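Listed here are the chains, written in short residue letters.
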Amino acid sequence: MILDLLITPFAANGFMVNALMAGILVSIACGIVGTFVVLRGLAFIGDALAHGVLPGVAIAILFGLPGMLGAAAGALAMIFGIGFIIRRSNLSSDTAIGLLFVGMLALGVAIVSRSHAFSGDLVRILFGEILGIRTGEIIGQLITTILIGVVASICYRPFLLLCFSPEQAEVSGFPPRRYHAIMLGMIAMTVVVSFRTVGTLLVFGMLLAPAASAALFSRKITTMILTASCIGAISVYTGLLASYHLNLAAGASITLMASTIFFLLLIVKHLFGRRAQ
Amino acid sequence: MKQMVSIHMPPHGGLAVAAKHLAVGYGGEAVMSDIDFNLEGGKVLALVGSNGSGKTTLLKTIAGLLPPISGSIEVLGGAPLAKPSHVAYMGQFHPSSFMLPLRAIDVVRMARFASHGLLGRMTDKDGHAVSEAMARMGISDLAKEPLNTLSGGQRQRVFLAQAFAREADLILLDEPAANLDAPARDTYRRLVRELANAGRSVIVATHDIDEAADYDWTMLLAHRVVACGHVDEILTPETLLATFGIAGKYKEGRVIIVEREHGHEGCGEHQESPSTDPPHRHAHEHTHPQS
């Protein structure tokens, strides 16, 4: 009975296995990148990147190009746009990010609204299509996740210094701008490969919720990355199960699980945290 | 009043810092100009002034965090930032760094990254430098404690241990004694003295006149260089008045605040007391971040 509930959905359905694999890969990428997003306070820019890819994807579909190409272009436009506004005006970065975020989102929706054929696509872009993931896409995701892992291990020292203090990174011989740009690139990469799975609207949740949960209990950054990845994977598994049994949208139920876990852990920490420390 | 003194340079020693007609500031605008000084190896220089006097700006320029507005600055015979593993810098910290999942020892270990770049392997020498610095600052038993469970004073000792663990030739410290209790302050000052005796140079930004009196050279700052030179010649009633808006006397290792000039711009509250008893007399300031 329990086996039926927990295992059979995956044993009996190939698409569920694919979804689980894709989801776990997203969890690992988001665990690594999300940890630095949380520690550096880059949540807003992560959010903006996640939504900024929408017009890119929409334009790509309009011209019959791969959605991922459009997503990458959208993310790049976002990063350069934010940098440009910050350099050319005296506005703070959150204003620059907010402006572009809203503009890009509106542009995306405007493009989508032009075409009636798009209505289904919009839902797919925003909420993902984890149950329709193909093997080829999983391989692409695997490669990207490995790439993110490799970049994160190479840049571990400057990333750690950046989290601690950008000044300390600079005086230690690691130019903060360079490593900040690499970090943004990693966020963009994660968003681009994950949007097919959980959608642009929800990838942000996967980026933030598991890492924030891990931050509640971690004493080391490496532990935080591992914990975040595991919490992400658990959210994917339980989310897919809930989606299967209760007939919920898969991407949404995964993200819902991730944020529920955060709030549960927050309560646990509040109740027992002082004793544990 | 401009009383520039080029700090004496022995013929054999290399210069730790050489500033010529240096102007420092932010975004192309000078906060202070006409700064000329040389600091030789093995000496300690105190930058003394109230908040906003420009001492942090000068320290950051020496560290290479700010480009000079004009003039030139050489650090250990080259451009600032040219030798990251030979220069340690301890800035004033933001509260956000306290929420990081880091243990005290992880913070001190970061000091050694400058010697190894991205992937260079850490060696026993690094481990030794880290544990030595932590032992000297009296925080060996806190090594495994998360940073966010430490008190303000303990954190400050962790940050100081980080600066010392680099084993740098030039050590730049911004308000290092902030949050330290009296024993920790004595430990830190003794360490600074020992480092200087071992031939390393230290520059300390402070508003503690008593601390400055402990070192070799003093530069008094108040949006300009009020005075610069050997500590005995510099800490005079006139220069203190020009720097803090207080008239004080430096006598027998104590600063005696004689009177206070009211309405002095950029000057915080002072504690006035006729007694010379407390060993650490400050010109008290509000602790908002410096420009």
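Residues numbered from 1 in each chain as written. Chains lettered and ligands numbered in written order. Predicted model: local features only at pLDDT ≥ 70, side-chain atom pairs only at ≥ 80, totals over all residues. Heavy atoms only, no water.

Caption draft 1: Here's a closer look at the overall build of chain B. A tally of regular secondary structure across chain B gives eight helices and 11 strands. By residue count, 54% of the 291 residues in chain B fall in the buried class. Sequence separation of at least 24 residues holds for 64% of the intrachain contacts in chain B that already meet a minimum separation of 6. Carbon and sulfur atoms form 50% of the exposed surface of chain B, whose accessible area is close to 12400 Å². (Helix = DSSP H or I, 4+ residues; strand = E, 2+ residues; numbered from the N terminus. Buried < 20%, exposed > 50% of the residue type's maximum accessible area, 1.4 Å probe, protein only. Contact = heavy atoms within 4.5 Å. Areas by Shrake-Rupley, 256 points an atom, 1.4 Å probe, with all protein chains shown as cover.)

Caption draft 2: Representation of empty space enclosed by the protein in the model. Scanning all chains against the criterion turns up two cavities of 30 Å³ or more. Elements represented by at least two residues in the lining of the largest cavity include exactly helix H1 (55-63) and strand S5 (87-90) of chain B. Looking at side-chain class alone, the lining of the largest cavity contains nine nonpolar, no polar and one charged residues. Counted as a void, the second largest cavity has a volume near 40 Å³. In terms of lining, the second largest cavity is formed by Gln-168 of chain A together with Ala-88, Tyr-89, Ala-111, Gln-162, Ala-163 and Arg-166 of chain B. Mapped onto the lining of the second largest cavity, the elements with two or more residues apiece are S5 and helix H4 (152-165) of chain B. (1 Å grid on protein atoms, 1.4 Å probe; cavity = no way out; pocket = protein on both sides within 12 Å on 5 of 7 lines; lining within 4 Å. Points joined across faces, edges and corners; volume = space filled by probe spheres on them. Nonpolar A, V, L, I, M, F, W, Y, C, P; charged D, E, K, R; others polar.)

Caption draft 3: View of the interface of chain B and chain A. Contact with chain B, which involves 32 residues of that partner, is made by 25 residues of chain A. At the boundary of chain B with chain A, total buried surface from both sides reaches about 2500 Å², with 67% on carbon and sulfur atoms. Interface area lost by chain B to chain A is led by Pro-101, Phe-113 and Leu-118 of chain B, which between them contribute 27%. Along the contact surface separating chain B from chain A lie one salt bridge. Its salt-bridge partner being Glu-167 of chain A, residue Lys-60 of chain B comes within 2.9 Å of it at the nearest N-O pair. Linking chain B with chain A are seven residue pairs in polar contact (both at pLDDT 80 or more). Of the residues contributing to the side of chain B that touches chain A, the split by class is 20 nonpolar, seven polar and five charged. (Buried area = accessible area lost by both parts, 1.4 Å probe. Salt bridge = Lys/Arg side-chain N within 4 Å of Asp/Glu carboxyl O. Polar contact = N/O pair within 3.5 Å; in protein donor to acceptor, adjacent residues only side chain to side chain.)

Caption draft 4: Just the pattern of salt bridges, in detail. Residues and elements named next belong to chain B. Applying the stated criterion to the full structure yields 13 salt bridges over all chains. In this structure, Lys-125 engages Glu-167 in a salt bridge whose closest nitrogen and oxygen atoms are separated by 3.7 Å. Of this pair, Lys-125 sits in helix H3 (residues 124-136) while Glu-167 sits in the loop between H4 and strand S6 (170-174); the two residues are 42 residues apart in sequence, bridging distant segments of the chain. A relative accessible area of 35% means that Glu-167 is categorised as partly exposed. A salt bridge links Arg-136 to Glu-194; the shortest N-O distance between them is 2.3 Å. Here Arg-136, found in helix H3, pairs with Glu-194, found in helix H5 (residues 182-197); they are 58 residues apart in sequence, far enough to count as distant. Of the residues examined, Arg-136 reaches a relative accessible area of 31% and is grouped as partly exposed.

Caption draft 5: Structural view of the sheet that holds strand S1 (residues 15-26) of chain B. Residue and element names in this part refer to chain B. The three strands are arranged S2-S1-S4 in an open sheet whose pairing can be described as antiparallel. On the outer flanks of this sheet lie strand S2 (29-40) and strand S4 (70-75), each paired with one strand and no other. Across the sheet, the mean angle separating the axes of adjacent strands is 20° when strand polarity is ignored. Summarising the sheet, S1 and S4 pair through five bridges and their orientation is antiparallel. Directly across from Lys-20, in S4, lies its bridge partner Ser-72. In this fold H1 packs onto S1, S2 and S4, with an angle of close to 125° to the strand it touches most, S1. (Pairing = 2+ DSSP bridges. Axes fitted to C-alpha atoms, helices over the stretch in contact; angles between N-to-C directions.)

Caption draft 6: Region of the structure containing helix H11 (residues 176-217) of chain A. Residues and elements named next belong to chain A. When the terminal C-alpha atoms of H11 are compared, their 28 Å separation across 42 residues is substantially less than the 62 Å that a helix rising 1.5 Å per residue should span. Along its length, H11 shows its largest kink, about 115°, at Phe-195. Burial of H11 is extensive: 31 of the 42 residues sit out of reach of the surface. (Expected span 1.5 Å × (residues − 1). Bend = angle between axes of the 7 residues up to and from the residue.)

Caption draft 7: Structural view of unusual backbone geometry. The phi dihedral of Asn-247 of chain A falls on the positive side, at around 60°, and the residue is not glycine. By secondary structure assignment, the location of Asn-247 of chain A is in the loop between helix H12 (221-246) and helix H13 (250-276). Classification of Asn-247 of chain A as exposed rests on a relative accessible area of 71%. A positive phi angle is found at Leu-81 of chain B, which is not glycine, with a value near 75°. Examined against the element boundaries, Leu-81 of chain B turns out to sit in the loop between S4 and S5. Owing to a relative accessible area of 32%, Leu-81 of chain B belongs among the partly exposed residues under this scheme.

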